[in-house]
Number of protein chains: 2
Amino acid sequence: MALDPVFEPITRRAPELPASLKLPHIAPTADTLLEHSLKRRLAPGGLPEHALGRMEALVLQLARIQNGSPLAFDLLAFDSPQLVVFAADHGIADEGMSELAQSMTCEHVLQLLLGAAPVSALAQMHGFDLTVVDAGVASHITLPEDARHKAPLLLRKIGYGTRNLMLGPAMSQAQAVSALHAGMDVVRHLPGNVIALGDVGVANGVSASLLLSRLCGVPLADACGRDDFQGPGIDDSVHQQRIEKLSAAASRHRKALGPLDALAALGGFEIAMMTGAMLQAASERRVVLVDGYVAGAAALVARSLSPNVADYLVFGHRSADSGHRLLLIHLQAQPLLDMGLRLGQGTGALLAWPLLLAAQGLLER
Amino acid sequence: MALDPVFEPITRRAPELPASLKLPHIAPTADTLLEHSLKRRLAPGGLPEHALGRMEALVLQLARIQNGSPLAFDLLAFDSPQLVVFAADHGIADEGMSELAQSMTCEHVLQLLLGAAPVSALAQMHGFDLTVVDAGVASHITLPEDARHKAPLLLRKIGYGTRNLMLGPAMSQAQAVSALHAGMDVVRHLPGNVIALGDVGVANGVSASLLLSRLCGVPLADACGRDDFQGPGIDDSVHQQRIEKLSAAASRHRKALGPLDALAALGGFEIAMMTGAMLQAASERRVVLVDGYVAGAAALVARSLSPNVADYLVFGHRSADSGHRLLLIHLQAQPLLDMGLRLGQGTGALLAWPLLLAAQGLLER
């Protein structure tokens, strides 16, 4: 079926990428024989077809990912799961795009480092090692003197926040490439075969919406829902004003069509690093557990750069952002949970993690 | 707003119940003060409002349930969680209402007893004690001689399957009352403060649809979706034939309007026992984790008998049955998961259990 031309994903165009960008090779995972044998193992005699519904699809995806070893696939095995939260600030916050002050980015990072964030409890519960990456927070992050780190902080600052994208590209192409490489590097040095990715960054939902709009042809007004500016309290005129500002920004960067150009013009440092992290993790055949809207935008960029990455992405949840729903549709992804979170930080990814353990258990039976 | 008279829930009429039926007292759980203080604990400074989305609602519900102790509420505590699977046969299976032969009920019970069902793996993973109750399987259940029970079987057989409800009420009112009491009794003898309820019974989705239609005024054709007869393979004429048969049955039992009468005429032994189990568990302030469509139908009957029970019900998931969606809407319930299962046996309830543990963890932080 021919797609409505308005909605034809621009991402299908072969992107022209600079020689400085080194993308890892990602193998596709399709394996019809494996799927066939697993379906029989999952539904032994007497169960209705597809009795396990979407759990079946999850088992199959995980098995395809882990089928790359020299041995024949038998059981799912998860090893040293990692949660990496990338934090950065966004110049666009200056335009009053969030109910939260920009300083809250730093505040949220501190809470993660001190083990006081909601996701900290989940990471501890599920045995995830948490690593926080300063991808470009606008200030220098220092813990109170007498405080103890509960999670390590990696300093990978590309800049002190992106530029206000109303005034110019959020970052240069060189910065975008550096951020992608940094994200790959972070993953390369982490152990395990599961990696969950989350984000912190005041106003980063704006970048997610702009990327969704640009890379998938979704109208900006749809990508930025009425409730999406972190706080359901804004009135119609404020909302309309914001949409108009963002339309002006999108139009200023109308030539940034390819994934790397769009990422540089409209993205954020943490989005770029998450993109790199996803690509690297997939190239190492790790399971990539994707958190909310902003991590989803990184997935969109990653898929545009290297389509096979999609095989490795497990989408933890659908957040309260209306753009997130459209983004998942464009990625043809069904998230595991739909809990209406508006939080980021990997919270939704870790809430969904027990379903992957259940997939493992269902296969072991 | 006045409701369309067709859709006015018949359950709102005060049911006339026989003196022989002894329903336990169930206290409502509402506590505005508690909710207020918990919301503050869950979202400390700097998080957007309702950042935890539906996890917040889950924490609040669980806290309200556990707030009944003499001490002031502090943290959620789960103790000895129980999974009880009620099994029974349905005379309506004679009418070709399921792709599965009636003998599969017994087969599924054996798999549960031997620890070979999908839910067995989940129960073991999450430390649930599994109890299987023979509420009315059509045959005598015997394990192979050399097999070892992995789960106890309670014999509470009300009959060898219900009557074919095309020909008369599925059970007598006295049987329905006995089954309700048996369900209460089963729960009374189990430890812990969490109980998950699942079902086994070929063609029991038909009873669920008839109860939904009768107690909520949903048209039968909507309550019985095209895919709902356990197997997506049937063609339109077969489907239409089934709907016509069920309409005839519903019309035969048109006087069975109250919840007990509807349960007797259209229900099943396992549905009646689950109803009793829910009422008893709620009266003891246990958390009741409800599985799929059939357990949902029991919840509908339970709420019609004793509205306060709703405060204690946590709906684990939405199954593939299209009637289940309507049932949950009528119960004003948002299920935790939506995984397209078509399985019963408590599988969806146990898949959702980690979200209750996450709720506990988020509050402890």
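Up top is the structure these notes are about.
Nothing here was measured: the structure is a model prediction, and the numbers come from that model.

Conventions used here
Residues numbered from 1 in each chain as written. Chains lettered and ligands numbered in written order. Predicted model: local features only at pLDDT ≥ 70, side-chain atom pairs only at ≥ 80, totals over all residues. Heavy atoms only, no water. Core = buried A, V, L, I, M, F, W, Y, C linked by side-chain atoms within 4.5 Å. Buried < 20%, exposed > 50% of the residue type's maximum accessible area, 1.4 Å probe, protein only. Contact = heavy atoms within 4.5 Å. Phe/Tyr/Trp six-rings, centres within 6.5 Å; stacked < 30°, edge-to-face > 60°. Lys NZ or Arg CZ within 6 Å of the ring centre and 35° of its normal. Helix = DSSP H or I, 4+ residues; strand = E, 2+ residues; numbered from the N terminus. Arc of directions from axis to C-beta. Polar contact = N/O pair within 3.5 Å; in protein donor to acceptor, adjacent residues only side chain to side chain. Axes fitted to C-alpha atoms, helices over the stretch in contact; angles between N-to-C directions. Parallel < 35°, antiparallel > 145°, perpendicular 65-115°, else oblique. Left-handed = near helix turned anticlockwise from the far one by under 90°. Nonpolar A, V, L, I, M, F, W, Y, C, P; charged D, E, K, R; others polar. Pairing = 2+ DSSP bridges. Lys, Arg positive; Asp, Glu negative; His and termini not counted. Salt bridge = Lys/Arg side-chain N within 4 Å of Asp/Glu carboxyl O. Least-squares fit on C-alpha atoms with pLDDT ≥ 70 in both.

Before going further, it helps to spend a moment on the nonpolar core. By size, the foremost hydrophobic cluster in this structure holds 277 residues, and its most contacted members are A:M55, A:M278, A:L356, B:M55, B:M278 and B:L356. Setting aside residues no more than four positions away along its own chain, B:M55 makes contact with A:M339, A:L341, A:L351, B:L355, B:A358, B:A359 and B:L362.

Attention shifts here to the packing of aromatic side chains. Residue and element names in this part refer to chain A. Under the counting rule described, the total for this entry stands at 4 aromatic pairs over all chains. Chaining the aromatic ring pairs together yields one cluster made of F78, F128 and W353. Note that K157 overlies the ring of Y160, its terminal NZ or CZ placed 4.5 Å from the centroid.

Before going further, it helps to spend a moment on helix α3 (residues 103-113) of chain B. Residues and elements named next belong to chain B. Burial within α3 is extensive, with 9 of its 11 residues counted as buried. Burial in α3 covers these residues: M104, T105, C106, H108, V109, L110, Q111, L112 and L113. Residues of α3 that are buried in the fold lie against β1 (82-88), α4 (118-126), β2 (129-136), β3 (153-155) and β4 (194-200). Just past α3, the residue G115 takes up positive phi, approximately 75°.

Let us now look at helix α1 (residues 32-42) of chain B. Side chains three or four residues apart in an α-helix point the same way, a direct result of the helix having 3.6 residues per turn. All names here are of chain B. For α1, the set of buried residues is L34, L38 and L42. For α1, the angular spread of the buried residues around the axis is 65°, confining them to a single face. In α1, those exposed residues whose orientation departs by more than 90 degrees from the buried face are T32, L33, H36 and R40. Next to the buried residues of α1 lie α2 (54-66) and α13 (347-364). Structurally, the start of α1 carries an N-cap: the backbone nitrogen of L33 is 3.3 Å from a side-chain oxygen of D31.

Looking now at the packing of α1(B) against α2(B). Residue and element names in this part refer to chain B. Running from amino to carboxyl end, α1 crosses α2 at an angle of 135°, the nearest separation of the two axes being 10 Å. Here α1 is positioned oblique relative to α2, judged by the angle of their axes. Where α1 crosses over α2, the two elements pack in a sense that is right-handed. Every residue of α2 that contacts α1 at L34, E35, L38, K39 and L42 is listed here: E56, V59, L60, A63 and R64. Looking at the contact of α1 with α2 residue by residue, the class counts come to 6 nonpolar, no polar and 4 charged.

Further remarks concern the sheet that holds β4(B). All names here are of chain B. Ordered in space as β3-β2-β1-β4-β5-β6, the 6 strands form an open sheet in which the pairing is parallel. Among the strands making up the open sheet, the edge pair consists of β3 and β6 (313-315). Taking the axes of each pair of neighbouring strands and ignoring which way they run, one obtains an average angle of 25° across the sheet. Here strand β5 (residues 287-290) runs beside β6; their pairing, made up of 3 bridges, is parallel. The partner of V290 across the bridge, within β6, is F315. Most of the contacts of helix α10 (residues 269-283) go to β4, to which it runs at about 175°, and overall it touches β1, β2, β4, β5 and β6.

A word on the sheet that holds strand β5 (residues 287-290) of chain A. All names here are of chain A. Taken in spatial order, the 6 strands of this open sheet run β3-β2-β1-β4-β5-β6, and their pairing is parallel. Sheet topology places β3 (153-155) and β6 (313-315) at the edges, where each strand pairs with a single neighbour. For this sheet the average axis-to-axis angle between neighbouring strands, irrespective of direction, equals 25°. The sheet contact formed by strand β4 (residues 194-200) and β5 spans 4 bridges and is parallel. When the bridges of β5 are listed, L197 appears paired with V290.

All right, on to the side chain of A:E270 then. Residue and element names in this part refer to chain A. Here E270 is to be found in helix α10 (residues 269-283). One buried charge, E270, has no salt-bridge partner; the nearest side chain with opposite charge is K157, at 12 Å. Looking at E270, its side chain comes within polar contact range of the side chain of N204, at 3.0 Å. If we skip the residues at most four places from it in the chain, E270 touches F86, A87, A88, H90, A135, D199, V200, G201 and N204.

The two copies are related by a screw operation: chain B maps onto chain A through 180° of rotation and 0.0 Å of translation along the axis, at an RMSD of 0.0 Å. The superposition of one copy onto the other is thereby described by a two-fold rotation axis. By residue overlap, the copies meet face to face through one surface: 100% of the interface positions of chain B are interface positions in chain A.

Distances and angles like these do not, on their own, reveal function.
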